[in-house]
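Observations on the model geometry
Letter by letter, the chains look like this.
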Number of protein chains: 2
Amino acid sequence: MLKNWMMEEKPEEKELKARLNAVREKLWAQQMRMKEHKLPVLVLMEGWGTAGKGSCTGQVIRNIDPRFFKVATLEKKTEEEKRKPFLSRYFTQIPEAGKFVFMDSGWMDEVTGLRLHGKLSKGEYEMRLDSIRRFERQLTDNGYLVMKFFFHISEKEQKKRIASLLKDIDTEWRVNNNDQWQNKHYGKCMEVFDEYLEMTNSPSAPWYVVNAKSRKWAELQVLETLTEGIEIALQNKALAVPLLQNVFPLVKMPKLDEIPLDEKVDEKEYKAQLESLQDHLRDLHNRLYRKQVPVIIAYEGWDAAGKGGNIKRITEALDPRGFEVHPIASPEPHEKARHYLWRFWTRLPKTGHIAIFDRTWYGRVMVERLEGFCSENDWKRAYHEINEFEKELADWGAVMIKFWVQIDKDTQLERFEMRQKTPEKQWKITEEDWRNREKWDAYEDAVNEMIQKTSTVYAPWYILESVDKKYARLKALKIVIERLEAALKE
Amino acid sequence: MLKNWMMEEKPEEKELKARLNAVREKLWAQQMRMKEHKLPVLVLMEGWGTAGKGSCTGQVIRNIDPRFFKVATLEKKTEEEKRKPFLSRYFTQIPEAGKFVFMDSGWMDEVTGLRLHGKLSKGEYEMRLDSIRRFERQLTDNGYLVMKFFFHISEKEQKKRIASLLKDIDTEWRVNNNDQWQNKHYGKCMEVFDEYLEMTNSPSAPWYVVNAKSRKWAELQVLETLTEGIEIALQNKALAVPLLQNVFPLVKMPKLDEIPLDEKVDEKEYKAQLESLQDHLRDLHNRLYRKQVPVIIAYEGWDAAGKGGNIKRITEALDPRGFEVHPIASPEPHEKARHYLWRFWTRLPKTGHIAIFDRTWYGRVMVERLEGFCSENDWKRAYHEINEFEKELADWGAVMIKFWVQIDKDTQLERFEMRQKTPEKQWKITEEDWRNREKWDAYEDAVNEMIQKTSTVYAPWYILESVDKKYARLKALKIVIERLEAALKE
């Protein structure tokens, strides 16, 4: 793309000014329509060191109300960020509906930089490219406008700029080691950048190469392309996109009604096993921490199936400094305004930590599907999106354990009635629980489909038969222990 | 994609039947909605020899009214087809709005076959992949649903099928050499197929791998995926898609109002030059024919600018068996029902022939733009689509010459008035010409933009100053001669 790319020539000063004025006004007017249409816009500014990404971003945002944008700068990774999956620092920064986020260099810079400095093998690099393509596709599929700019300058121009910045004590600090390294290895960088642009150039999130030799001209190119992109995105509403075929290996799972629920354990046996399993888990947690393995345990199940008590038996055995439980309710407005996986990306554990989710991202294909909170295309697409999300986590090294806590309809009724009769348990039962119960059959179909389609080998579902809650608790502990031991052996 | 692809298991017979019945009805119902929504659907059936693409197509079309589909089979190329650009036999077969075309193997089969048999170098193969990606993207960008199926069977299964077909004299003919070749080189084919699927798997036209071990199960997979795809496509109307940045080298062109129009030639000089130029062209045409170079000459220009007379001076010098003039009026219904470039793909010359277009595909960015016959997104996208189209032709080896026949507004008025006064010329002037004249300024802007954006090095625009028609004719002849001589030298 860079090699055969044609520099568009800078227009004359007068035309340049006129076009700049026109497009600035256009952008100013667009932000209100973006808000109305709830269009989120992610602008990625990439390119050569000293090409002027930062100052261009500074110019562009002058035409936007400060409430409507954020600028995210790619700083050196914090210790915290180093302990998160590669995409985490980007996914967590995506804009809200109706707003802009400008990324002053982002995932391209990170990944090509590592590649250039020999810190990613070819195989690792290709995995990153896969992750990036999926990330960008998930954004555009979910209604994001993703505008990707690459600021291009020649080797000579870069050299000139570095020299001129270095001459002045006030600007010297703006040249970093990497700029100088790039200039010394311009040809090699060109190869890698060019290939990266090619490999990540998709019709729904294409690259725009900016001739960055003149600042004003660069600004005009960015503004004109950006406003054009926004204009087009505003024309589309509630886009439906093709469903992709599953490419992840699946584990064959039974249907819920094929699962016998008569498993039981007696009180004495339970107590003895519980204690020994919890001791074992406690020990494993310490070793996991030292080995820096992240663990994600996800709970889904029927109302009153016993999720809370089950989680409790796990957490009792964990060091409180090393785990967190995330109860997931309906999304808050700032969460609803973003990709539905955003609120889970922001809740991922650090390496060595355990995150337990009490209800999860699977809400998309259960409650959101059945209550019509998202479109049919949205929830049908979600199986694949979720498999991709969990693949990202598994590739990062996370142990993923997903529990479906299963009871039958009669057991639920008994427990509901018990809750209503018992004053200290009444808070646990609401009108909504009764309404959900009426839709049991539809939920069962949805759960069956979910379990079939998202039980991947790297993140399988486990059924916890919870008519006898004690049995379910021991089973959960055993599965967690088994998976953690396997991870420690790797 | 094939290597890490998970065969979905065949459901039990009873479920299979129920789902088949349901999905057949669904397809039957969808065809009427497709017609209403004017949705064209292209179904590409690719895969291993003997995998059952043909018989599956036969099953699928049983659920469609015969007026609503065509099946295109990839036969051996005719002599005519061999003398057309690679994409021609596919582009010419695309469906009309509201209808299906099933391609029983298509461009994948052709390209991977040539690659496997060493008839395409790596570079040529990659050019083909580029062409294919552009072709498929142009279709989906223009509202086509493109469904791509790959019928997959194992080496063992293929061997078994070949043996069983060969045993019976009635089925023996269905095994071709290529099937046997594939089975002998199954591993190598797998590599090439896998890479092809990967390289052409785009979110807007993704691949679906069909487990083709059982015919009924294969049919069900195709039908369910197809009806799902149609359902999704029916939800989107008048999609606007991102505009792509130009990647083709451009020639710098003047604006129309910068072009002096005072060039003249006197009668005597004209006659002498005309004769000698035409003689020269006549000779070149013969040599071109022998060298099998295809030539495309495109005329655009103001009404009454003198296109007709100019074309006449070219054709007078050509062997009538070796050229064709295509006058382009507004599209007929069957043309309007397809991608706007379709009616030009169907009119391409064979190698060694010359096609002259009196008005062209540039109607998209002139009259269709200004009269609102297409959306803003459509005509803005068209510059790139046309550059891609002409790139395809240039890569095929065609000489592309594009003339803009230029006059000023006063000259047009004189000629209009002259036409109205002269009885034998009155047919040449209509109400519409007067109406267009009123929009001169808007047309001029559109023409300027068109010439700037589509004057590529491989298909540049030439301005013919035609206030003196004789001057313009000589200039056209000289340019044609110059370009043809250059092509003969290559």
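Everything here concerns the structure above.
As the structure is a prediction and not an experimental result, all values here were calculated from the model.

Calculation criteria
Residues numbered from 1 in each chain as written. Chains lettered and ligands numbered in written order. Predicted model: local features only at pLDDT ≥ 70, side-chain atom pairs only at ≥ 80, totals over all residues. Heavy atoms only, no water. Helix = DSSP H or I, 4+ residues; strand = E, 2+ residues; numbered from the N terminus. Buried < 20%, exposed > 50% of the residue type's maximum accessible area, 1.4 Å probe, protein only. Contact = heavy atoms within 4.5 Å. Areas by Shrake-Rupley, 256 points an atom, 1.4 Å probe, with all protein chains shown as cover. Pairing = 2+ DSSP bridges. Expected span 1.5 Å × (residues − 1). Core = buried A, V, L, I, M, F, W, Y, C linked by side-chain atoms within 4.5 Å. Buried area = accessible area lost by both parts, 1.4 Å probe. Salt bridge = Lys/Arg side-chain N within 4 Å of Asp/Glu carboxyl O. Polar contact = N/O pair within 3.5 Å; in protein donor to acceptor, adjacent residues only side chain to side chain.

A few words now on the overall build of chain A. Within chain A, the secondary structure is distributed over 20 helices and ten strands. In terms of overall dimensions, chain A has C-alpha extents of about 85 × 45 × 40 Å along its principal axes. Going through the 490 residues of chain A one by one, you find that 55% of them count as buried. Considering only contacts in chain A between residues 6 or more positions apart, those separated by 24 or more positions represent 83%. Within the structure as shown, chain A displays about 22600 Å² of accessible surface, and the carbon and sulfur contribution to it stands at 50%.

All names here are of chain B. Burial of strand β1 (residues 41–47) is extensive: seven of the seven residues sit out of reach of the surface. Examined bridge by bridge, β1 and strand β3 (residues 100–104) share five bridges and lie parallel to one another. Bridge pairing links Val43 to Phe102 in β3. Note: β1 against strand β4 (residues 145–152), seven bridges, orientation parallel. Within β4, the residue paired with Glu46 across the bridge is Phe150.

All right, on to helix α19 (residues 440–454) of chain A then. Every α-helix carries 3.6 residues per turn, so stepping three or four residues along brings you back to the same face. Between its first and last C-alpha atoms α19 of chain A spans 21 Å; for 15 residues at 1.5 Å apiece the expected length is 21 Å, and the two agree. On its buried face, α19 of chain A sits against α15 (367–370), α16 (376–396), β9 (399–406), α17 (409–421), α18 (431–438) and β10 (461–465) of chain A.

A few words on the nonpolar core. Grouped together as the largest cluster of nonpolar side chains are 149 residues, with contacts concentrated most on Phe100 and Trp361 of chain B. Contact partners of Phe100 of chain B, with chain neighbours within four places excluded, come to Leu27, Met34, Val41, Val43, Ile64, Phe68, Phe69, Lys70, Pro95, Leu226 and Ile230 of chain B. Ala72, Phe248, Ala305 and Ile328 of chain A belong to the second largest nonpolar core, which has 148 residues in total.

With that settled, consider the interface of chain A and chain B. The partner chain B presents 31 residues to the 31 residues of chain A that form the contact. Surface buried jointly by chain A and chain B totals about 2700 Å² across both partners, of which 57% is contributed by carbon and sulfur atoms. Taken together, the links from chain A to chain B amount to two salt bridges. Taking the shortest distance from any N to any O, the salt bridge between Lys380 of chain B and Glu228 of chain A comes out at 2.6 Å. At the surface where chain A touches chain B, the tally comes to eight residue pairs in polar contact (both at pLDDT 80 or more). For the side of chain A that touches chain B, the elements supplying multiple residues, two or more each, are β5 (207–211), α10 (215–235) and α16 of chain A.

By themselves, these observations are geometric and do not establish any function.
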